[in-house]
Amino acid sequence: MEMQDARNFAFSFRTYNSDKIIRDTTVTGNVNINHALLTNVLTLNNIHFKDSFTIKRSSFKGKLVFNNCQIDSELHLISIATNSEENQKDSYPDIIFQNCTINKIVIINNCKIINGISIKDNCRIAQLCINDLLIEKGSLQISKSNIKQLTGNRLEVYDKIKLFENCFFEKEFKLLNISCNEFEIENCKFKESTHINTIKSIKYIIYKCEFHKDFTGSCRGGMSELKLLETKFRKDAYFHLTPKKETEITNELNFYLSSVICESSFSLNGTNRVFNEFQVHFTKDIKGLFVLRSLNIKKCRLTGYNFHSQFEFNNSKIYFLQITDFFNYDRLSFFNLKYFGDESEISISKSDLGKTSIYNTNLDNFKEINIIESILLEVIYSNVIWFSEKKLNLNKDLGGILCDETKEVYRQLKLVAEKQGDKTQALDFRAKEINAYRNTIRKRFPKRMINDKTILFLGLTNNFGLSWLRAMILTICFVVILHFAIIISMSSELSFIPATSKSDIILTWDIYKSNLSTLPTFVDPTHDLSKIYPYHTFSFWTNFYDLLLKIGLAFFIYQIVISFRKFSKN
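Report on the accompanying structure. (Residues numbered from 1 in each chain as written. Predicted model: local features only at pLDDT ≥ 70, side-chain atom pairs only at ≥ 80, totals over all residues. Heavy atoms only, no water.)

A count of helices and strands for the protein chain gives 10 helices and 38 strands. Counting all 570 residues of the protein chain, 49% fall into the buried class. Intrachain contacts of the protein chain at a sequence separation of at least 6 include 40% that bridge at least 24 residues. Summed over all atoms, the accessible surface of the protein chain reaches about 27300 Å², with 51% contributed by carbon and sulfur. (Helix = DSSP H or I, 4+ residues; strand = E, 2+ residues; numbered from the N terminus. Buried < 20%, exposed > 50% of the residue type's maximum accessible area, 1.4 Å probe, protein only. Contact = heavy atoms within 4.5 Å. Areas by Shrake-Rupley, 256 points an atom, 1.4 Å probe, with all protein chains shown as cover.)

Here you go:
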C-alpha cells in the first residue's frame, strides 16, 4: 500500500473536479479537512488511517463513500452539510460506510445531510456518537454491521431510522430526542441496555430482535403505529408514551403485538394516550408478564391461544373490547376497567376465558355486553358490579338461539359466583338464568310447553325467590280484587256489568265501603264466609271467588316464605 502523511492526503482529498477514487493508501498523522467543498463523488477505497480523520465545516455537492477503510483512532464529521440543489432528486445516501473498521465515529454540531447516511456490509465500529444531526430528505440506515456502542442525541430524520439485517450492538445503545417518520429495528441483537427516546415517530416497529438487557422506549408525541413482532426481551422492557406537551393533541395510535417473549416483565404506560386500535394475537411464542397501564382504547381486539403469558390491563378505558376466537390457558386480568364513551361495548365470542380476572370494575357502565358461544367457568372476580339483563345480548329478541346463549351465560356466571362463595350474586344470576329460559321457551315454542310456561310465569311473582316485597304487593292486590268480586256477587243490588251512570258508581262504592271493614279478615287463608256473614246465603260465584282467594293466598304466602329463605342453605 502507498504511504502518505496527513498533509499530502488532505491535499489530494481537496483537489478534484470529477468523481474520484483514492485507494490503497496508509495515512499517518491527524488529517484535518476544514472548509472544504466536495463537488462530486469521492470514494475512499481501502484506506488505512493510523490516526484521527476530521472533516469540519465542509460542504458536499457530491457524496462521500468509505469502502473497506480502517481508522485506528477517530473519524469526526463536524458541522458538515450537503447541497440540496444538487441532490434533491437523488435518493442515494450522501455518506456511505461499507465494510469498514473504525474505532470511533463522531457526527456532531448541526450536521445537515440531504439524502441520509448508510452504514452497511459488515462494518465494525467500536463507538458511534451522533449529536445534532438533521437529515432533510433521506434516512439513517445501519445494516449487517457490528457496532459496540451507539449513542445519539437530537437527531431529526425526514424519512426513517432503520437498523436491520443482523446488526449487533455489544455495549450500551442510547438514542435520545429522536424525530423521524419511521423508526424500525429488524433482526438485530442488543447485548447491553437499550434506551430509545423519540420526540416524534409516526411508525415504531421492532421485528425479530433480541434484547439481552433492559429495554426502555418512550415517545412524547406524534406516534400513530407501534408494532412488536417476533421479539425476545431477556430482561425488563418498558414503553412510556406521553404527549410532547400537556396541552398538545397527539395522533391516535395503532398497537399490534405478536410472538413476543419477555423473560422478565413488559410494561406499556400510555398515560391516557388514545389508541385507535389495540391488537394482541396470542400464540405459543408469546411468553412473560405484560402490564398495560393508563390506555384509552377505541378498539381492543384479543385473539389466539394464550399458553404462557400473563396480561394485565390497569386503569384503562375501552370503547369496544372484542375477544374472539381466544383461548386462555394462563392469565388475563382487568384492573379498574372503565368505559370510554357512552356507547362502549364488550363482545366475547367463540372464546374460553379460562382464569381471567376482573377487579374493581363496573360492567353496568357499558351500553352493551355480548357473550356468544364462550366459556366463563373459571373467571375470577372481586368488587365487580355486573351488567343488568337489558344490556346482555341486545339482539336476543331476534330469536330463541340468542336467548339460549343468554341463559347459558347466566348459568356459567351462577357457577362462578358459587365457586367463589358469593351466594347473593349467585342467587341473582340464578333468577336471571330462569328468566332467560322463560324467554327462550316463549319465543321458540310459542304454542307448546304450557306447563313450563305457567310455572315460570308464576315464578315472576317473587322474582324467582329473590323479592318478598314483590310477592307481598301482589298478595295485597290479589286480596283487594277478589274481596271486591265477592262483595259484588253477594249483593242483590249489584251485578257484573259496566256502570252506565254516576249514580251506579256511587251505589257500588257505598255498598263496597259498608263491607270494607271485612277486608282484613279475608287476608286469613283459613277464613270462613259463614262466620263473617252468618245470615247470608251464598251463590255459586261467591263460593267460587272465595275458593280462588284461598288458593291464591296459599300460593303467595309460600312465595313470600321462600323469598325470606333465599340466604338459607338448601
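Moving on to the nonpolar core. Leu44, Phe53, Leu268 and Phe278 are the most contacted members of the largest nonpolar core, which has 121 residues in total. Broken down by element, the residue count for this core peaks at seven residues, all from strand S29 (residues 261-282). Counting residues in each nonpolar core, the second largest holds 16 residues, with Leu482, Ile511, Tyr533 and Leu553 among its members. (Core = buried A, V, L, I, M, F, W, Y, C linked by side-chain atoms within 4.5 Å.)

A full pass over the atoms with the stated rule returns one cavity of 30 Å³ or more. For the largest cavity, the calculated volume is near 220 Å³. In terms of lining residues, the largest cavity is bounded by 17 residues, among which Ile346, Ile348, Leu353, Ile358 and Leu363 are the most central. Contributions of two or more residues to the lining of the largest cavity are made by strand S32 (317-328), strand S35 (345-349), strand S36 (356-362) and strand S37 (368-372). Taken together, the residues of the lining of the largest cavity sort by class into 16 nonpolar, one polar and no charged. (1 Å grid on protein atoms, 1.4 Å probe; cavity = no way out; pocket = protein on both sides within 12 Å on 5 of 7 lines; lining within 4 Å. Points joined across faces, edges and corners; volume = space filled by probe spheres on them. Nonpolar A, V, L, I, M, F, W, Y, C, P; charged D, E, K, R; others polar.)

Right, let's get into the side chain of lysine 63. By the element assignment, lysine 63 lies in the loop between strand S7 (59-60) and strand S8 (64-67). Residue classification places lysine 63 among the buried positions, given a relative accessible area of 7%. Among the polar contacts made by the side chain of lysine 63, one reaches the side chain of aspartate 94 at a distance of 2.9 Å. (Polar contact = N/O pair within 3.5 Å; in protein donor to acceptor, adjacent residues only side chain to side chain.)

Moving on, we get to the packing of helix H6 (residues 468-490) against helix H7 (residues 502-514). Following both chains from N to C, one finds H6 and H7 inclined at 105°, their axes separated by 10 Å at the closest point. The orientation of H6 with respect to H7, classified from their angle, is roughly perpendicular. Facing Val480, His483, Phe484 and Ile487 of H6, the residues of H7 in contact are Thr508, Ile511 and Tyr512. Its residues assigned to classes, the contact of H6 with H7 shows five nonpolar, two polar and no charged. (Axes fitted to C-alpha atoms, helices over the stretch in contact; angles between N-to-C directions. Parallel < 35°, antiparallel > 145°, perpendicular 65-115°, else oblique.)

Okay, the packing of aromatic side chains next. This model, assessed by the stated rule, comprises 44 aromatic pairs. A ring pair is formed by phenylalanine 66 and phenylalanine 97, whose centres lie 4.8 Å apart and whose planes are at 10°; its orientation type is stacked. With phenylalanine 66 in strand S8 and phenylalanine 97 in strand S11 (residues 95-98), this pair connects stretches of sequence that are 31 residues apart. With centroids separated by 5.4 Å and ring planes inclined at 45°, the aromatic side chains of phenylalanine 266 and phenylalanine 290 adopt a geometry described as tilted. Taken together, the residues span a long stretch of sequence, with phenylalanine 266 in strand S29 and phenylalanine 290 in strand S30 (residues 287-306) at a distance of 24 residues. Taken as a pair, phenylalanine 266 and phenylalanine 290 share a single burial class, namely buried. Between lysine 162 and the ring centre of phenylalanine 164, over which it is positioned, the NZ or CZ distance is 4.7 Å. (Phe/Tyr/Trp six-rings, centres within 6.5 Å; stacked < 30°, edge-to-face > 60°. Lys NZ or Arg CZ within 6 Å of the ring centre and 35° of its normal.)

This brings us to helix H1 (residues 6-14). Think of an α-helix as 3.6 residues a turn; residues three or four steps apart then line up on the same face. Three or more residues of H1 are buried, namely Ala6, Phe9, Ala10, Ser12 and Phe13. One side of H1 holds all its buried residues, which, seen down the axis, span an arc of 165°. Of the exposed residues in H1, those oriented more than 90 degrees away from the buried face are Arg7 and Phe11. (Arc of directions from axis to C-beta.)

With that settled, the discussion passes to the pairing of strand S25 (residues 225-229). Most of S25 sits out of view: four of its five residues are buried. By the bridge criterion, five bridges tie strand S22 (residues 194-207) to S25 in an arrangement that is parallel. In the sheet register, isoleucine 205 faces S25, and the bridge partner there is lysine 227. As judged from the five bridges shared by S25 and strand S28 (residues 253-258), these two strands associate in the parallel manner. Counterpart to lysine 227 in the pairing with S28 is tyrosine 256. (Pairing = 2+ DSSP bridges.)

For the rest of this paragraph, the subject is the side chain of asparagine 306. Relative to the assigned elements, asparagine 306 resides in strand S30. Judged by its relative accessible area of 1%, asparagine 306 falls in the buried class. At 2.9 Å, the side chain of asparagine 306 and the side chain of asparagine 328 are in polar contact.

Right, let's talk about the pattern of salt bridges for a bit. It is possible for side chains bearing opposite charge to pair when their charged atoms get close. Evaluated as defined, the whole model comprises 14 salt bridges. One salt bridge in this structure joins aspartate 364 and lysine 391, with 3.7 Å as the shortest N-O distance. Of this pair, aspartate 364 sits in the loop between S36 and S37 while lysine 391 sits in the loop between strand S38 (380-385) and helix H3 (400-419), placing them 27 residues apart in sequence. Within this structure, Glu210, Arg234 and Glu263 form a network of salt bridges that share partners. (Salt bridge = Lys/Arg side-chain N within 4 Å of Asp/Glu carboxyl O.)

A contiguous nonpolar surface patch, about 640 Å² in accessible area, is contributed by Trp468, Leu469, Met472, Ile473, Ile476, Val480 and Phe564. Here isoleucine 476 shows up in helix H6. (Patch = residues over 30% accessible without salt bridge, like charges linked within 9 Å, V, L, I, M, F, W, Y side chains within 5 Å.)

Let us look at the environment of alanine 436. Tracing the backbone shows alanine 436 in helix H4 (residues 423-444). Judged by its relative accessible area of 5%, alanine 436 is buried. Sequence-wise, alanine 436 and lysine 407 are 29 residues apart; in three dimensions their C-alpha atoms are separated by 4.9 Å.

Right, let's get into unusual backbone geometry. The phi angle at asparagine 166 is positive, at roughly 65°, despite the residue not being glycine. Relative to the helices and strands, asparagine 166 is located in the loop between strand S18 (160-164) and strand S19 (167-169). We classify asparagine 166 as exposed; its relative accessible area is 54%. A positive phi angle, near 50°, is found at aspartate 325, a position not held by glycine.

Our next topic: the environment of phenylalanine 311. For phenylalanine 311, the position within the fold is in strand S31 (residues 308-314). You can call phenylalanine 311 buried: its relative accessible area is 1%. Separated by 19 residues in the primary sequence, phenylalanine 311 and aspartate 330 place their C-alpha atoms 9.0 Å from one another. Those residues in contact with phenylalanine 311 that sit more than four places away from it in its chain are Leu257, Val280, Phe282, Ile286, Phe290, Leu292, Arg331, Leu332 and Ser333.

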